[in-house]
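# An overview of the molecular structure
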Amino acid sequence: MSETRATTPVFPPGRYGRRRDGRRRRPLPLIVAAAVFGIAALGVTWAYYQKFGQTDYRPEIIGWNEPADTQMVIKFRVRVPAGETASCVLRARDYQGYELGTRTVTVPAPDGGGEVVVSETVPTTARGSVGDVMSCRPAG
């Protein structure tokens, strides 16, 4: 029986370049760039959240009806802070979910602020089946 022992190879000096020591080195510039990118992404996310995220304008659908093939009446409730005006985007859709019409309406706050019930007509291209309040934001 013969036995072969595995040993590390011996290379002639200078022939194959510098040998690695086996440890993986992490380049510091790559780590710093990743950290800077992560901080910048968090900053942009925070800025957009402050601008478009949480609002005091909270719409709630009460109902809708289709008095004709060319319009839909959407009734909704929205909370508007005192002294402010809301700009709400309304949308009418059919059974398949296709958009048939949109309309932007302005809703003034009641005295002292609070909830306002609004009923608005949205012109449509065909008979609608679903009414939505897509968003309410400060007007202007």
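Refer to the structure presented above.
A brief look at the structure comes next. (Residues numbered from 1 in each chain as written. Predicted model: local features only at pLDDT ≥ 70, side-chain atom pairs only at ≥ 80, totals over all residues. Heavy atoms only, no water.)

## Concerning the sheet that holds strand E2 (residues 71-80)
Spatial strand order, E1-E2-E5: three strands in an open sheet with antiparallel pairing. Both edges of this open sheet fall to strand E1 (58-68) and strand E5 (114-123), since each of them pairs with a single strand only. The sheet shows a mean angle of 20 degrees between the axes of neighbouring strands, direction not considered. Bridge count for E2 against E5 is 10 bridges, and the pairing is antiparallel. Residue Val73 lies in a different strand from E5, and its bridge partner there is Thr121. (Pairing = 2+ DSSP bridges. Helix = DSSP H or I, 4+ residues; strand = E, 2+ residues; numbered from the N terminus. Axes fitted to C-alpha atoms, helices over the stretch in contact; angles between N-to-C directions.)

## Structural notes on the state of the cysteines
For the structure on display, the rule yields one disulfide. One disulfide bridge connects Cys88 with Cys136, the sulfur atoms lying 2.1 Å from each other. On the S-S bond that ties Cys88 to Cys136, the torsion sits near 115 degrees, and the link is right-handed. Note that Cys88 is positioned in strand E3 (residues 85-93) and Cys136 in strand E6 (residues 130-138), a separation of 48 residues in sequence. The same class applies to Cys88 and to Cys136, which are both buried. (Disulfide = S-S within 2.5 Å. Buried < 20%, exposed > 50% of the residue type's maximum accessible area, 1.4 Å probe, protein only.)

## A look at the pairing of strand E4 (residues 99-108)
Pairing geometry for E3 and E4, over nine bridges, is antiparallel. Across the sheet, the residue bridging to Ala86 is Val107, located in E4. Between the end of E3 and the start of E4, which pair antiparallel, lie five residues, with Gly97 showing a positive phi angle near 95 degrees.

## Description of the sheet that holds E6
Pairing is antiparallel across the open sheet formed by three strands, whose spatial order is E4-E3-E6. A strand with exactly one partner marks an edge of an open sheet, and here the two such strands are E4 and E6. Along the sheet, successive strands turn relative to each other by an average axial angle of 20 degrees, direction set aside. As paired strands, E3 and E6 are joined by eight bridges and run antiparallel to one another. If you follow Arg91 over to E6, its bridge partner there is Asp132.

Just distances and angles here, no functional claims.
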